[in-house]
Every structure is written in structure tokens, then in C-alpha cells.
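Now for the letters of each chain:
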Amino acid sequence: MSASPYAALFEPVKIGPVTAPSRFYQVPHCSGMGHLRPQADAAMRGMKAAGGWGVVCNQETEIHPTSDLSPYPEGRLWDRDDIPALRLMTDAIHAHGALAGIELAHNGAHAANLMTRAPVLAPSEASIETLYPKQARMMDRTDICNLRAWHRQAAINAREAGFDIIYVYAGHEMVLPQHFMLPRLNQRSDEYGGSLENRVRLARELLEETKGAVGDTCAVAFRFAVDEMAGGGGMEAGGEGLEVIKMLADLPDLWDVNVSGWQNDSVTTRFQPEDGYQNSYIAAVKDITQRPVVGVGRLTSPDLMLSMVQKGIVDFIGAARPSIADPFLPAKIRDGRVEEIRECIGCNICVSSDTHAIPIRCTQNPTMGEEWRRGWHPEEIEPVEASGGALVIGAGPAGLECAMQLARRGMDVTLADAGEGMGGRVAREGTLSGLGAWTRVMEHRLHDLRQRGNVQIFTQSRLDADQVAELGLPHVFVATGARWRRDGVGRRHLEAFPVDAAMPILTPDDIMDGAAPPNGPVVIYDDEQIYMGGVLALHLAEAGRDVTLITPAAIVSPWTQMTLEQERVQRGLIAAGVRTCTGRTMAQIGAGACTTHGIYGEAERTHDCSSVVMVTGRARDTALYDALMAMREEGKIALETLQLIGDAAQPGLIADAVYSGHAAARALGQDPGAVEAAFFRREMTALS
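Residues numbered from 1 in each chain as written. Predicted model: local features only at pLDDT ≥ 70, side-chain atom pairs only at ≥ 80, totals over all residues. Heavy atoms only, no water.

S.K.: An account of the overall build of the protein is needed here, citing residue identities and associated values.
M.R.: A count of helices and strands for the protein gives 23 helices and 29 strands. Scaling as 2.2 N^0.38, a compact globule of 688 residues should have a C-alpha radius of gyration of about 26 Å, and the protein matches this with 27 Å. If you line up the protein on its principal axes, its C-alpha atoms span 75 × 65 × 55 Å. Counting across all 688 residues of the protein, residues that qualify as buried make up 61%. The long-range share in the protein, meaning contacts at least 24 apart out of those at least 6 apart in sequence, stands at 70%. Counting only carbon and sulfur atoms, one obtains 49% of the accessible surface of the protein, whose full area is about 26500 Å². (Helix = DSSP H or I, 4+ residues; strand = E, 2+ residues; numbered from the N terminus. Rg over C-alpha atoms; globule rule 2.2 N^0.38 Å. Buried < 20%, exposed > 50% of the residue type's maximum accessible area, 1.4 Å probe, protein only. Contact = heavy atoms within 4.5 Å. Areas by Shrake-Rupley, 256 points an atom, 1.4 Å probe, with all protein chains shown as cover.)

This is the structure in C-alpha cells:
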């Protein structure tokens, strides 16, 4: 048997006084669980360790009440009372032979201290980052001495909690050690301001003191943003960023190097499709330090990973989002099952969970965040006890996931779709500008289904209720999706508004089906306000069309703030020549123009156009389901299961559709009461 071509990725690597069992390194990332849901967080991190990640880190962990990130449930290590909750995590990670890392953080003016009401600290006087009427005060020497003491004590407590790697964190423009380094945030004139050496002083002191406190037993890592990707307006890898690395070269036991802010470190495939996109920023680090280096860049290809190690760019393959999409990515590479990897699509649904302060979610991996609450495993599912076969109608994201999981449970599955191809909205949205990587959702599931002997797949197979009855399958799942409305009913307009029949009205479905608006100016009316309006505006502008995007929202595609994309969306539309009219709602659509008025009473405005694309609400396609329900109630069809899933049940994100299909497949054969009880499982705060 030949050796694995990726054997080098599974070599142990020494990090100071500890040794990682492989080069797979889950860098710190938020989970939306943190100190509020420690059992759920521990179960999720433990699953990563079970999947072969040699190092599994937690997330930014508050070290003191003056760094209170409420309402966001990040990690917390204010004092020894937080140790037992964190011990749950380290025990879960160690159970699978991995090292556990903790990212200690004081967030300075990034933390609003809304719960503790403690004073906000910063290098210089400044408004806090959160839109809240509060300013940060400039730290005096006593504050700096206190910070150093808090960090040292947190490191000692982290060691007691069982962590093997303890971070000093200076990245993502979120924490004080980095804030002190950046001249625009640090206007001090004392020994902590002015020269780069002075601005790096705090980071050096924290590294030295952390090593002094725990360095004989724990590794000390330094997470550093080498480039702000702001050109000469910020720290650059070719300038001060590299100088910082030279100053601190061998002080930490490990360098975790990336770019900042978070919107750059976690840029979506919509704006950066290239995996390993950070390599050019971090390539010089290993020429300076003798310490191991970990880097990220949405790494999913084992060939690219191996190349990065062989070229001496990194020692560890760092990942946050790829480890979320597939916690068992390392195990699949180790076992020669590369084709089974669920590749991250770079949609940042995981990020949106954190920005919504809810448990982490993933489009590719519907079990993410459900390891403890529902007991779901990303690779394991119990065999089904239900009799007979299953019919899944609709091969969009919900139908594909449902069919795949039913087949994995041992069911004979028939998957039928009315279209010529598979994938539903995933395949169709994947044709739009920037969304090509989203087709990985379809490709992964189709590959799995096509390997299974208990699955039959039919395209161009539109079924009616009588045909479903003729098939005689006892378990039917209807995933017929939803279609975009063209009557204007959406988020702000709950009723249709006047439309002249002479004006061509198109929907996103029309554009995705290949229809081109008539020649002349195109108005996109975005009353959905999620992502589709901005995507279509750029898509049509790149095709050479004259586009105006009108929305009642104050900014374009406001929901994309949750995925760290909004600024890129708006800048991109401006660069593409798209006119944007925000804060305006549609009054009526005439034969050659539409009329809008400002949502705050501004005067009406006429917009000449030859067509209008309505991005508003979606109408569920439930006709087949309704017909089957009627036949069932009349006793004309015997169905043990009849369930509506995906967008046909509730239009939402692709992630919601995948989850819906997955949950339906898992629930088959289970006691309905037990399924319902899972909704009620939550972590309760003990009263004492």
C-alpha cells in the first residue's frame, strides 16, 4: 500500500513545550455560544478534534469586565469562576488527542461594556466602536499595569482550565495590543506611543509576562494582523507589519499571522474567490522567525495545503470556516477520502451567526451548532427504522440534503426534479456574479448520492398527485421551493402597488433563467434587502446594462452587514456605474417610468426605465403538497410521511433550506415528542 501523498500534513510539530499531533490547526473563531452555552461550545470544539484537527482553539476570550462584549456571547475568563466551563471544552478536545488553545482578549474600545458599565479603555481618547453614546478614556500607566496583571492572571487561569496554547491577540482591529500599534488609534507621547518600538511595547510585555507565567507548561502564541489591507493608510506587510515580526521574531512560541480587519480576514468568495489568498501577505514570516507559523485563507484543497508547507510558507494549515464546513476535513484527507470533503463556500453564514449573537450556523454543514443541543454528528446518522422507500420531490438544497441523509440511513430513495438539471436555487444562483462557489452545496451532495446504490435520480420529472400515488412510496418529502413575486409584495410593501401592464416586470428567477431585460435603462427595486438586489445589480451592470437600484433601506443590501460584505457591495456597485437610490419606496410603475417617494416624506421622483426587476418577496410553491394533503384526507393515498421542506415550507437562506432537509431526514422514524423536545433543550443558568 503506497504512502499517502499528504503524509507531511500529519507530521507532529513542536510548539514550545507542547507538541501538536498534526499540522491541522483550527484557529480561534467565534461560535455564538461562548460563556452562555459552554456545553454546546465544548461539544462543537470536541467534534473538530474528533475530525482530526491537531489544534483546536476557542475564540476571543474576555479577560476582565472592562472588556465586556455583551450581548455577544464570546469566551469569558474574568476570574476562576469561569474555569469549570472552559474545562468542559479542554476535556472534550483532549479526549481526541488534540491540543486546546485559548485566545485571551481585551477589546478596548471595541467592547462597549453594556452589561458591566465599566469604563471603556483605549490607547487614546476615542469614541467606542459600537454606535452608542459612550467614549473610551485614554489609559494611564496604572490602567496599563492593571491590564498586564489581568492578562497574566487570565493566562494562569487558562492553564488551570487545561489549555495547552495561550494567545496574546493583536488582530482584526478588535484588541488593545493591536490598537496600541496603530498610529491612527494611538496618539500617545509617552513610552507607549510615537515610534513603532514604543507602540509595540504593550504586545512585547504581554508576551514576555505570559511566557513568564505559563511558558514552562503552555505554548504562547501571538495572533498578529500583518496587513490592514488599507494601503499606506494602515499597517502593511511590506512595512511596519514586517518590522513588528522582526522585533518580536522568536519571542512567541508560535506566530498566527493574518490580515485585518475581520472583513478582510474572512472575505467571502463573492469578493475573493481564490483559496489561499493571504499567502502573499504572510510568505515572508518564516524567513524571519524560527518559530512555527500558522496561516489561513479559506483553505480546502489538500494539494494547496501541502504546497504551502513544502514551500515554507507555513508550518500549520490554519482554518476557521473550512473547519466549520467540514469538521472531519483532516480525517478525510488522512483516509484518502478527499472527494468527500464538504468545501467551504465562503458565504459567511457562520459569521452572520456571530453578528446576530446566535449559535453558529453553516450552509454546507447543517449539524454545526447542533452537536450538543440535538446530538447531531456531521458524519454519523442512525439507521432508519421506518419501512418502505422514500420519495423526495425537488432537487434543490433541501431535497438534495434530505435525499442524501435518508440514503445514508439505509432508505431506498427516489429523487425527482422537474428541471433539466439538479440543484434548484443553488445551481441557479450560482450563475450570478460572484456566487459561483455556492454550487459546491449541490456538487457535494450529488457526488454522494451518485455513489449510492439505494438512490434513483430523475430529472425532467414533474410529478402530479396522481403520479405520486401511483409510485406507492410511503414517505414523501416535498421540496418544490419558492418563486420570486412580481407583484411588489415584500418587506415594506405588504400589498401590491399599481403597475402598468405596458412595463415589463422581471424577477430574479427570470434573470437566472436567462431572460434579458429589454434594451434601455433597468430599475431594480430591492424590497427584500438581503443580498439578491445587490447581486443582480452588479450582474446586469457587468453585462453592459444601465442599472439603477432603488431600495427603501438606508444602504444597499443591508443584511450583508451581517456577512461583512456591505461596504464591498456598495463600493462595487458604484465602481460598476450603478446608480443607487436609498431610502425610497415605490409608489407606482408606469409604461416608461416608475415613481418613488422618500420614506421620510421626501418629494416624489420619476425614474425613466424600460423594465423593472422586482426583488421583493417569494411565494411558496405548495400546489403539489396541497393536492397530496387533500388526497390523504380523502383516503385516496396512504402516506406514512408527507412533509413540506426547504423554501416550500419557509423561504429563507440556502443554509435554512439545507437544515430543513437534514432535520426532516433525521426525524423520520423518531418519536414526534422527542423531535419537538429538542427545540426546548437549552443551557440553564444555575441559581445560587
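S.K.: Got a sec to walk through the layout of surface pockets? Specific residues and values, please.
M.R.: Approximately 1400 Å³ is the volume found for the largest pocket. In terms of lining, the largest pocket is formed by 40 residues, of which the most central are His110, Glu129, Trp262, Gln263 and Leu564. Of all the secondary-structure elements, those providing two or more residues to the lining of the largest pocket are β8 (126-127), α8 (262-265), α13 (349-355) and α20 (566-575). Broken down by element, the residue count for the lining of the largest pocket peaks at four residues, all from α20. Taken together, the residues that form the lining of the largest pocket break down as 16 nonpolar, 13 polar and eleven charged. (1 Å grid on protein atoms, 1.4 Å probe; cavity = no way out; pocket = protein on both sides within 12 Å on 5 of 7 lines; lining within 4 Å. Points joined across faces, edges and corners; volume = space filled by probe spheres on them. Nonpolar A, V, L, I, M, F, W, Y, C, P; charged D, E, K, R; others polar.)

S.K.: Requested: an account of the packing of aromatic side chains, with residues and values cited.
M.R.: Within this structure, the stated rule accounts for ten aromatic pairs. When the centroid spacing of 6.2 Å and the interplanar angle of 75 degrees are considered together, the rings of Phe224 and Trp255 count as edge-to-face. With a gap of 31 residues between them, Phe224 in strand β11 (residues 219-227) and Trp255 in strand β12 (residues 254-259) connect regions that are remote in the sequence. Grouping residues by exposure puts Phe224 and Trp255 together as buried. Cluster of aromatic residues (ring-pair linked, three or more members): Phe10, Phe24 and Trp53. Above the face of the Trp484 ring, Arg618 is positioned so that its terminal group lies 5.4 Å from the ring centre. Above the plane of the ring of Trp372 lies Arg681, whose end atom (NZ or CZ) is 3.8 Å from the centre. (Phe/Tyr/Trp six-rings, centres within 6.5 Å; stacked < 30°, edge-to-face > 60°. Lys NZ or Arg CZ within 6 Å of the ring centre and 35° of its normal.)

S.K.: Got a sec to walk through the side chain of His151? Specific residues and values, please.
M.R.: One can find His151 in helix α3 (residues 141-160). Take His151: its relative accessible area is 4%, and that puts it in the buried class. Among residues more than four places away in sequence, those in contact with His151 are Ile63, Leu104, Tyr167, Val168, Leu206 and Thr210.

S.K.: Break down the packing of helix α14 (residues 397-408) against helix α16 (residues 440-450) for me, citing the residues and quoting the values.
M.R.: α16 packs onto α14 with a crossing angle of 35 degrees between their chain directions and a minimal axis gap of 10 Å. Crossing of α14 over α16 shows left-handed handedness. When α14 is examined against α16, the residues Leu400, Glu401, Ala403 and Met404 are found in contact with a partner set consisting of Met442, His444, Arg445, Leu446, Asp448 and Leu449. Each residue belonging to the contact of α14 with α16 can be placed in one class, and the counts come to six nonpolar, one polar and three charged. (Axes fitted to C-alpha atoms, helices over the stretch in contact; angles between N-to-C directions. Left-handed = near helix turned anticlockwise from the far one by under 90°.)

S.K.: I'd like to hear about the nonpolar core, residue by residue, with values.
M.R.: Met181, Phe222, Phe224 and Trp255 are the most contacted members of the largest nonpolar core, which totals 70 residues. If you tally residues by element for this core, the top one is helix α6 (residues 201-214), at six residues. Sequence-distant contacts of Phe224, that is, excluding residues within four places in its chain, are made with Ala170, Met181, Met235, Gly241, Val244, Ile245, Trp255, Asp256, Val257 and Asn258. Counting 63 residues, the second largest nonpolar core, distinct from the first, contains Ala386, Leu415, Leu435 and Val615. (Core = buried A, V, L, I, M, F, W, Y, C linked by side-chain atoms within 4.5 Å.)

S.K.: Tell me about the pattern of salt bridges, and please be specific about residues and values.
M.R.: Side chains that carry opposite charge are capable of pairing whenever their charged atoms lie near each other. A full pass over the atoms with the stated rule returns 47 salt bridges. When the shortest N-O distance is used, the salt bridge between Glu240 and Arg199 registers 2.8 Å. One end of the pair, Glu240, is in helix α7 (residues 240-248); the other, Arg199, is in helix α5 (residues 196-199), and 41 residues separate them in sequence. The exposure class of Arg199 is buried, given its relative accessible area of 5%. Where Glu401 meets Arg445, a salt bridge forms, and the shortest distance between an N and an O atom there is 2.6 Å. (Salt bridge = Lys/Arg side-chain N within 4 Å of Asp/Glu carboxyl O.)

S.K.: Tell me about unusual backbone geometry, and please be specific about residues and values.
M.R.: In the segment running from Ser70 into Pro71, the intervening peptide bond is cis, with an omega of 10 degrees. You can see Pro71 is positioned in the loop between β4 (55-62) and β5 (75-76). Between Ser260 and Gly261 the backbone carries a cis peptide bond, its omega angle lying at -5 degrees. Turning to its location among the elements, Gly261 is positioned in the loop between β12 and α8. Positive phi is not limited to glycine here, since Glu173 has a value of about 60 degrees. Along the chain, Glu173 falls in the loop between β10 (165-170) and α4 (176-181).

S.K.: Which residues make up the sheet that holds strand β26 (residues 605-608), and what values do they have?
M.R.: Read from one edge to the other, the open sheet built from three strands follows the order β24-β25-β26, with strand pairing classed as antiparallel. Since the sheet does not close on itself, it has two edges, and those belong to β24 (584-589) and β26, each with one partner. Across the sheet, the mean angle from the axis of one strand to that of its neighbour is 35 degrees, orientation sign disregarded. (Pairing = 2+ DSSP bridges.)

S.K.: Please provide a residue-by-residue account of the packing of helix α19 (residues 532-542) against α20, values included.
M.R.: The contact between α19 and α20 brings their axes to 10 Å, and the two run at 25 degrees. For the element pair α19 / α20, the angle class is roughly parallel. Judged by the twist between their axes, the crossing of α19 over α20 is left-handed. Here α19 contributes Gly534, Ala537 and Leu538 to the contact with α20, which in turn contributes Val569, Gly572 and Leu573. (Parallel < 35°, antiparallel > 145°, perpendicular 65-115°, else oblique.)

S.K.: So what about the side chain of Asn198? Which residues, and what values?
M.R.: Within the element layout of this structure, Asn198 appears in helix α5. Setting aside chain neighbours within four positions, we find Asn198 in contact with Asp190, Glu191, Tyr192 and Gly193.

These figures capture arrangement, not role.
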